[in-house]
Amino acid sequence: MTNPKKVLLVDDNAEVRSLYAEIFRQAEFDVREANDGLEGLEMANQIVPDIILSGIIMPRMDGFQLVETLRKNVATGSVPIIFLSHLGREEDEVRARELKVDDFIVQGMVSPIEALQRVKNLQSRRRAVAQGPGTG
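Scope of this entry: the structure provided in the associated data block. (Residues numbered from 1 in each chain as written. Predicted model: local features only at pLDDT ≥ 70, side-chain atom pairs only at ≥ 80, totals over all residues. Heavy atoms only, no water.)

The next subject is helix 1 (residues 14-26). For helix 1, spanning 13 residues, the distance from its first C-alpha to its last is 18 Å, which sits close to the expected 18 Å at 1.5 Å a residue. When helix 1 is considered as a whole, its buried residues turn out to be Val16, Arg17, Tyr20, Ala21, Ile23 and Phe24. Each buried residue of helix 1 sits inside an arc of 165 degrees when the element is viewed along its axis, so together they form one side. Looking at helix 1, the residues exposed on the side facing more than 90 degrees away from the buried face are Glu15 and Gln26. One side-chain oxygen of the residue at the start of helix 1 lies 2.9 Å from the amide nitrogen of Glu15, identifying that residue as Asn13. Positioned one or two residues after helix 1, Glu28 has a phi angle of 65 degrees, which is positive. (Helix = DSSP H or I, 4+ residues; strand = E, 2+ residues; numbered from the N terminus. Expected span 1.5 Å × (residues − 1). Buried < 20%, exposed > 50% of the residue type's maximum accessible area, 1.4 Å probe, protein only. Arc of directions from axis to C-beta. Polar contact = N/O pair within 3.5 Å; in protein donor to acceptor, adjacent residues only side chain to side chain.)

Structure follows, in structure tokens:
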């Protein structure tokens, strides 16, 4: 059996984190949780997850600052990141695209089960690219 994929959930809302954590654990992911961007950054540097799902508005360090910092680090620079937005503001989506965030999920518009499927699809696409001709 292969090692489970490590997913890091970063959000200051404990209910949101626990809902997504449960769904990813049922899908056999190794789930880690962080309360805000600063804790998420520390954890990402320790475990180097396979994927990060992050809120945007958080205390101490918001999701945008988290992504900017992770992208500058060699170890975490290519980790796929998905934003979980509870507002779904267009300016947040634009900034997320500029930061090369891999997906933007608006809570309430996309179910946690659908979010899990999008994570799996993202992983499949990244595997296909990695196995394709050339390495970029």
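With that settled, consider the sheet that holds strand 4 (residues 81-85). Read from one edge to the other, the open sheet built from five strands follows the order 2-1-3-4-5, with strand pairing classed as parallel. Edge positions in the open sheet fall to strand 2 (30-34) and strand 5 (103-106), since each of these has one partner strand only. Each neighbouring strand pair of the sheet contributes to a mean axis angle of 20 degrees, computed without reference to strand direction. Across four bridges, strand 4 lies against strand 5 in parallel orientation. Residue Ser85 lies in a different strand from strand 5, and its bridge partner there is Val106. (Pairing = 2+ DSSP bridges. Axes fitted to C-alpha atoms, helices over the stretch in contact; angles between N-to-C directions.)

This paragraph deals with the side chain of Thr76. Note on placement: Thr76 falls in the loop between helix 3 (63-72) and strand 4. Beyond its immediate chain neighbours, meaning those up to four positions away, Thr76 contacts Ala44, Asn45, Leu70 and Arg71. (Contact = heavy atoms within 4.5 Å.)

This paragraph deals with the nonpolar core. Counting residues in hydrophobic clusters, the biggest one holds 23 residues, and the most contacted among them are Leu8, Val10, Ile52, Leu70, Phe83 and Val101. Listing elements by their share of this core, those giving two or more residues are strand 1 (6-10), helix 2 (37-47), helix 3, strand 4 and strand 5. Residue contacts for Phe83: discarding those within four places in its chain leaves Ser54, Gly55, Ile56, Gly63, Phe64, Val67, Ala96, Val101, Asp103, Phe104 and Ile105. In this structure, Val7, Ala21, Ile51 and Leu116 belong to the second largest nonpolar core, which totals 19 residues. (Core = buried A, V, L, I, M, F, W, Y, C linked by side-chain atoms within 4.5 Å.)

As a further point, take the environment of Arg71. Relative to the helices and strands, Arg71 is located in helix 3. Ignoring sequence-local partners within four residues, the contact set of Arg71 consists of Thr76, Gly77, Ser78, Val79, Ile81, Leu99, Lys100, Val101 and Asp102. Reaching out from Arg71, the side chain makes a polar contact with the backbone oxygen of Gly77 at a distance of 3.2 Å.

The next subject is the pattern of salt bridges. Within the structure shown, the criterion is met by 11 salt bridges. Of the charged contacts, one joins Glu33 and Arg17 as a salt bridge, the two residues approaching to 3.2 Å between their closest N and O atoms. Of this pair, Glu33 sits in strand 2 while Arg17 sits in helix 1, placing them 16 residues apart in sequence. Using a relative accessible area of 10% as the deciding quantity, one classes Arg17 as buried. Between Asp36 and Arg60 there is a salt bridge; the shortest N-O distance is 2.7 Å. With Asp36 in the loop between strand 2 and helix 2 and Arg60 in the loop between strand 3 (51-54) and helix 3, the pair connects residues that are 24 residues apart, well separated along the chain. Residue classification places Asp36 among the buried positions, given a relative accessible area of 7%. (Salt bridge = Lys/Arg side-chain N within 4 Å of Asp/Glu carboxyl O.)

Moving on to the side chain of Asp11. By the secondary structure assignment, Asp11 is in the loop between strand 1 and helix 1. One buried charged side chain, Asp11, makes no salt bridge at all; its nearest oppositely charged neighbour is Arg17, positioned 5.9 Å away. Excluding anything up to four places from it in sequence, Asp11 contacts Val16, Arg17, Ala34, Asn35, Gly55, Met58 and Gln107. (Lys, Arg positive; Asp, Glu negative; His and termini not counted.)

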